[in-house]
Amino acid sequence: MADEGKIRAFADDFRRIEDEISKDIIGQKDVIHKIIISMIADGNVLLEGLPGTGKTQLVKTVARVMDLSFSRIQFTPDLMPADVTGTNMMDAESGMVTFKKGPVFANIVLADEINRATPKTHSALLEAMQEKTVTAGNTTYPLPDPFFVLATQNPLELEGTYPLPEAQLDRFIFKLDVKFPEKSELLDIVKLTTGKGEARAQKLFDGNKIKEMRDISLDVPVADAVADYAMDVIIRSHPEIDGAPETVKKYVRYGSSPRGAQAIIKTARINALSKGRYNVAYEDIKDVAYDVLRHRIFLNFEAVSDGIRVEDIIEELLKEEI
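All of these numbers come straight from a predicted model, not from anything done at the bench.

A short note on the overall build of the protein chain
In step 1: Counting its regular elements, the protein chain contains 14 helices and 11 strands.
In step 2: Scored against the burial criterion, the 322 residues of the protein chain give a buried share of 50%.
In step 3: When the accessible surface of the protein chain is summed, it comes to about 15,600 Å², and 52% of that surface belongs to carbon and sulfur atoms.

What to know about the nonpolar core
In step 1: Core analysis: the largest hydrophobic core is formed by 69 residues, its most contacted members being Ile-21, Ile-35, Met-39, Ile-108, Ile-285 and Ile-297.
In step 2: Ignoring any residue separated from it by four or fewer positions in sequence, one finds Ile-108 in contact with Met-39, Val-59, Val-62, Ala-63, Leu-68, Ser-69, Phe-70, Ser-71, Phe-148 and Leu-150.
In step 3: If you look at the next biggest cluster of nonpolar residues, it comprises 26 residues, including Leu-46, Phe-105, Val-109 and Ala-117.

Focus: empty space enclosed by the protein
In this approach, a probe sized like a water molecule rolls over the atoms, and the result shows the empty space that is left.
In step 1: Going through the model one piece at a time under the given rule, you end up with 1 cavity of 30 Å³ or more.
In step 2: Lining the largest cavity are Ile-17, Ile-36, Met-39, Ile-40, Val-62, Met-66, Ile-210 and Met-213.
In step 3: Of all the secondary structure elements, the ones that give two or more residues to the lining of the largest cavity are helix 2 (29–40) and helix 8 (207–218).
In step 4: With 3 residues, the top contributor of residues to the lining of the largest cavity is helix 2.
In step 5: Of the residues assigned to the lining of the largest cavity, the class counts are 8 nonpolar, no polar and no charged.

Overview of unusual backbone geometry
In step 1: Cis peptide bonds are those with omega within 30 degrees of zero, and the linkage from Asp-145 to Pro-146 qualifies with 5°.
In step 2: Positionally, Pro-146 belongs in the loop between strand 7 (139–142) and strand 8 (148–153).
In step 3: Phi at Asp-42 is positive, roughly 65°, even though this residue is not glycine.
In step 4: Among the structural elements, Asp-42 can be located in the loop between helix 2 and strand 1 (44–48).
In step 5: Asp-42 sits in the partly exposed class, given a relative accessible area of 30%.
In step 6: Even without glycine at this site, Lys-132 takes up a positive phi of about 60°.
In step 7: As for its placement among the helices and strands, Lys-132 is situated in the loop between helix 5 (119–131) and strand 6 (133–136).
In step 8: Given a relative accessible area of 18%, Lys-132 falls into the buried group.

Observations concerning the confidence of the model for the protein chain
In step 1: Model confidence for the protein chain is summarised by a mean pLDDT of 86, while 90% of its residues fall at 70 or above.
In step 2: Here helix 7 (residues 183–193) stands out as the element of the protein chain with the lowest mean pLDDT, 67, in contrast to helix 12 (residues 282–293), whose mean of 96 is the highest.

A look at the packing of aromatic side chains
In step 1: All told, the structure shown has 5 aromatic pairs when counted by the stated rule.
In step 2: Taking 6.4 Å as the distance between ring centres and 20° as the angle between the ring planes, the aromatic pair formed by Phe-10 and Phe-14 counts as stacked. Within this pair, Phe-10 and its partner Phe-14 are both found in helix 1 (residues 4–21), separated by 4 residues, close to a single helical turn.
In step 3: Given a relative accessible area of 1%, Phe-10 falls into the buried group.
In step 4: For Phe-14, a relative accessible area of 1% translates into the label buried.
In step 5: Centroid distance Tyr-254 to Phe-298: 4.9 Å. Interplanar angle 40°. Geometry classified as tilted. Placement of the pair is Tyr-254 in strand 10 (residues 252–254) and Phe-298 in strand 11 (residues 298–299), with a sequence separation of 44 residues.
In step 6: Taking the relative accessible area as the measure of exposure, Tyr-254 reaches 32% and is therefore partly exposed.

Focus on the pattern of salt bridges
In step 1: A complete count under the given rule lists 23 salt bridges for this structure.
In step 2: Taking the shortest distance from any N to any O, the salt bridge between Arg-15 and Asp-12 comes out at 3.1 Å. Of this pair, Arg-15 and Asp-12 both sit in helix 1, 3 residues apart, which is roughly one turn of the helix.
In step 3: Take Asp-12: its relative accessible area is 36%, and that puts it in the partly exposed class.
In step 4: For Asp-291, the salt bridge identified is with Lys-34, shortest N-O distance 2.5 Å. With a gap of 257 residues between them, Asp-291 in helix 12 and Lys-34 in helix 2 connect regions that are remote in the sequence.
In step 5: The exposure class assigned to Lys-34 is buried, which follows from its relative accessible area of 4%.
In step 6: Salt bridges linked by common partners bring Asp-30, Lys-34, Asp-177, Asp-291, Arg-294 and Glu-311 together as one network.

Basis of the calculations
Residues numbered from 1 in each chain as written. Predicted model: local features only at pLDDT ≥ 70, side-chain atom pairs only at ≥ 80, totals over all residues. Heavy atoms only, no water. Helix = DSSP H or I, 4+ residues; strand = E, 2+ residues; numbered from the N terminus. Buried < 20%, exposed > 50% of the residue type's maximum accessible area, 1.4 Å probe, protein only. Areas by Shrake-Rupley, 256 points an atom, 1.4 Å probe, with all protein chains shown as cover. Core = buried A, V, L, I, M, F, W, Y, C linked by side-chain atoms within 4.5 Å. Contact = heavy atoms within 4.5 Å. 1 Å grid on protein atoms, 1.4 Å probe; cavity = no way out; pocket = protein on both sides within 12 Å on 5 of 7 lines; lining within 4 Å. Points joined across faces, edges and corners; volume = space filled by probe spheres on them. Nonpolar A, V, L, I, M, F, W, Y, C, P; charged D, E, K, R; others polar. pLDDT = per-residue confidence, 0-100. Phe/Tyr/Trp six-rings, centres within 6.5 Å; stacked < 30°, edge-to-face > 60°. Salt bridge = Lys/Arg side-chain N within 4 Å of Asp/Glu carboxyl O.

Right under this line is the structure:
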C-alpha cells in the first residue's frame, strides 16, 4: 500500500500538470483533467468538438509539458495506411529493404479529424492503439513507451465525415466533448492568441513520471461494493439483460464491452489519487462513467427519433441506489 507521502506527491504532481497546461489552454478544465487521467491509465482519447475549439493546441501543449515526442497526422479521404504506419522501402544502391517509420512512431500521436479518413486507414491505427506495435511484412516494430493516440473528430453532422467503426471506438479509453468556450473564455483566448505572446506552458516532467504515477495507481484498492456498482453500470447497459432499465431496453442497440469495465476501474483509481485519496469512492465511478461509456453505448433509431442522447442513458444507469 502506498504511503501518505506518495499519495500527496501524486496529487501535487497531477495538479502541477493541470496548472501548466492551463497556461496555454483557456477553460476546458474537465477535458484537461481527463486527458491526464487517460495518459496515466495508458489509454487513448477521442476528442469531439467543432473546428476551432482548441483541440489540436491542447494536444500540442500536453506533449510540451510532458516532454514527449509529438507527431500530427491530418486524416483525409485519400490518406493510406502506409502514410500512418510507414512502409518497407528498397535502397537503390544496396538493394537492401529497410522499414521507413511513419508518423505513428512518436509518444503522442495527434490523429487530427480522424473521422474524415476511410475505414481502411482507420484500421492501420488499431494495432498501434491496442498492442503498441506496428507490423510490416513479417516484422513487428515496438512503438515508443509511453504511447498515446489523441484523436480529434468533428461532429458527424458536418460535411465529409465517416463514423468510426465500433472496434476502433472501443480502443479509446475516453471520449471527451470539447465545448464551445463561454464569452469570458472566448475573450481570454482572443487576447492570448492575437497578440505577440508566445507559448507559456513549459516542460514539467518526462515520460518516466507518467509511468511512475501509473505504477502508484495500480495499487489503489477498490472496495467490493464499489466494484460491484461499477460492474452493474456496465452490465445494465445491455438491453437483453433482465435487470436493465426500461429506457435501455427501449433505446439501446447494444451496450458497453468488457473494455468499458476495465476503463472505468482504471480511471476511477487515478481520479481518486488526483484528489488525494487512496481509495475509490462511488463518486469516482460517476466522475469517469460518462467519458468511458459515451462511445460504448449505441442507440437505436427510436432513440434518435425521440431525441434521446447517450448521456441520458448513462444518467439512468448511474441512478441505481447505492
